[in-house]
Each structure stands twice: as C-alpha cells, then as structure tokens.
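Letter by letter, the chains look like this.
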Amino acid sequence: MHQGHHLIADLEGCSHLADEGLIADCLARAAAAAAATLLEIRLHGFGPGQGVTGVALLAESHISIHTWPEHGSACVDIFLCSRAHDLDAALHMIVSALGGRIRHKTLVERNFGASLPVD
C-alpha cells in the first residue's frame, strides 16, 4: 500500500534566505512544479537578517523550509501522497530560486500496511 514519498534535503550556497516574500513565492512555485494543490502558505521570520520557517499546506500534504542566512543553508521537507507528484521538480524549483545546490537528500517511501495493535 503506497502512502506517499517524503523527500528531505539540505541545501547550501543559497542566497536571499531572509526574504519572506521570496520564500513564500518559492513554496508556491514548488507546489506548482510538483503538480500539487496549494491550500495555504504560512511563514515565520526570525527578524531582520535572520532565517525564515515556512510551510505550504497542500491538499496532498506539505512542503516546508527552514533557512539559515548566516550559513547560506536551508532544510527542505517535501511530503506528497500521490505517485503522480514530482518531488524532484519541487526541490529543483526551490534550489533554483535560492541559487544554491543540494548538499544531501533522502527519499523515504511512506508505506503503511495493516494496523498494528497498540499496547
């Protein structure tokens, strides 16, 4: 039983990581690139020159990001529930928008079988 894919990536060499408008646009464009249904974007900036945490709430799950401008790095989390979605396209949209590169990425297949008893 397929429940979805969860792509987790660490980015480096990124710029504009304190720009909340750019991060919001980045999340929206990543959702479109993945062919996902965007419901809402929520952001929290940590202050001038500081990082941003953002999440795109999708009908199919979520895309989130946390940035560290002082290190030029960002962590991205993309979880989508249909085989039809393109997680790599979403990630590459984010990487391109931030002008960085992927340092590390992991793809986890979320697969939940029969229910297990709870003690």
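Scroll up to find the structure this text is about.
Our subject in this report is the structure included herewith.

1. A look at the packing of aromatic side chains
Part 1 of the argument: Applying the stated criterion to the full structure yields zero aromatic pairs.
Part 2 of the argument: Residue placement shows Arg110 over the ring face of Phe79; its charged tip is 5.9 Å from the ring centre.

2. Quick word on the pairing of strand S1 (residues 4-12)
Part 1 of the argument: With respect to burial, S1 is a largely interior element, seven of its nine residues being buried.
Part 2 of the argument: Of the strand pairs in this sheet, S1 and strand S5 (residues 73-80) are connected by seven bridges, and their pairing is antiparallel. Within S5, the residue paired with Leu11 across the bridge is Ala74.

3. Section: the environment of Leu38
Part 1 of the argument: Note on placement: Leu38 falls in strand S2 (residues 38-45).
Part 2 of the argument: For Leu38, a relative accessible area of 36% puts it in the partly exposed group.
Part 3 of the argument: Once the C-alpha coordinates of Leu38 and Leu58 are considered, the two residues, 20 residues apart in sequence, prove to be 4.7 Å apart.
Part 4 of the argument: Beyond its immediate stretch of four places on either side in the chain, Leu38 contacts Ala28, Ala31, Ala56, Leu57 and Leu58.

4. Comments concerning the state of the cysteines
What is meant by a disulfide is a covalent connection between two cysteines, made through their sulfur atoms.
Part 1 of the argument: Within this structure, the stated rule accounts for zero disulfides.
Part 2 of the argument: Among the cysteines around Cys75, which has no disulfide bond, Cys14 carries the closest sulfur, lying 9.8 Å off.

5. Considerations on the pattern of salt bridges
Part 1 of the argument: Under the counting rule described, the total for this entry stands at five salt bridges.
Part 2 of the argument: Between Asp10 and Arg103 there is a salt bridge, with its nearest N and O atoms 3.3 Å apart. Within this pair, whereas Asp10 is found in strand S1, its partner Arg103 is found in strand S6 (residues 101-110), the two being separated by 93 residues in sequence.
Part 3 of the argument: In this structure, the salt-bridge partner of Glu12 is Arg101, at a minimum N-O distance of 3.4 Å. Of this pair, Glu12 sits in strand S1 while Arg101 is found in strand S6, placing the two residues 89 residues apart along the sequence.
Part 4 of the argument: Here Glu12 falls in the partly exposed class, since its relative accessible area comes to 27%.
Part 5 of the argument: Looking at Arg101, the relative accessible area reads 48%, which means it is partly exposed.

6. Looking at the packing of helix H1 (residues 20-33) against helix H2 (residues 87-98)
Part 1 of the argument: Following both chains from N to C, one finds H1 and H2 inclined at 150 degrees, their axes separated by 7 Å at the closest point. As the angle between them shows, H1 and H2 are arranged roughly antiparallel. Pair H1 / H2 crosses with right-handed handedness. Judged by residue contacts, Leu22, Ile23, Cys26, Arg29, Ala30 and Ala33 of H1 engage Ala89, Ala90, Met93, Ile94, Ala97 and Leu98 from H2.
Part 2 of the argument: Of the residues assigned to the contact of H1 with H2, the class counts are eleven nonpolar, no polar and one charged.

7. Things to note about the sheet that holds S5
Part 1 of the argument: Ordered in space as S2-S3-S4-S5-S1-S6, the six strands form an open sheet in which the pairing is antiparallel. A strand with exactly one partner marks an edge of an open sheet, and here the two such strands are S2 and S6. Within the sheet, the average angular offset between the axes of one strand and its neighbour, ignoring direction, is 10 degrees.
Part 2 of the argument: Here H1 sits on the sheet and contacts S2, strand S3 (52-58) and strand S4 (61-68); the angle it forms with S2, its principal contact strand, is near 155 degrees.
Part 3 of the argument: Along the sheet face, H2 touches S1, S4, S5 and S6 and points at about 20 degrees away from the line of S1.

Here is what the cut-offs are and how they apply
- Residues numbered from 1 in each chain as written.
- Predicted model: local features only at pLDDT ≥ 70, side-chain atom pairs only at ≥ 80, totals over all residues.
- Heavy atoms only, no water.
- Phe/Tyr/Trp six-rings, centres within 6.5 Å; stacked < 30°, edge-to-face > 60°.
- Lys NZ or Arg CZ within 6 Å of the ring centre and 35° of its normal.
- Buried < 20%, exposed > 50% of the residue type's maximum accessible area, 1.4 Å probe, protein only.
- Helix = DSSP H or I, 4+ residues; strand = E, 2+ residues; numbered from the N terminus.
- Pairing = 2+ DSSP bridges.
- Contact = heavy atoms within 4.5 Å.
- Disulfide = S-S within 2.5 Å.
- Salt bridge = Lys/Arg side-chain N within 4 Å of Asp/Glu carboxyl O.
- Axes fitted to C-alpha atoms, helices over the stretch in contact; angles between N-to-C directions.
- Parallel < 35°, antiparallel > 145°, perpendicular 65-115°, else oblique.
- Left-handed = near helix turned anticlockwise from the far one by under 90°.
- Nonpolar A, V, L, I, M, F, W, Y, C, P; charged D, E, K, R; others polar.

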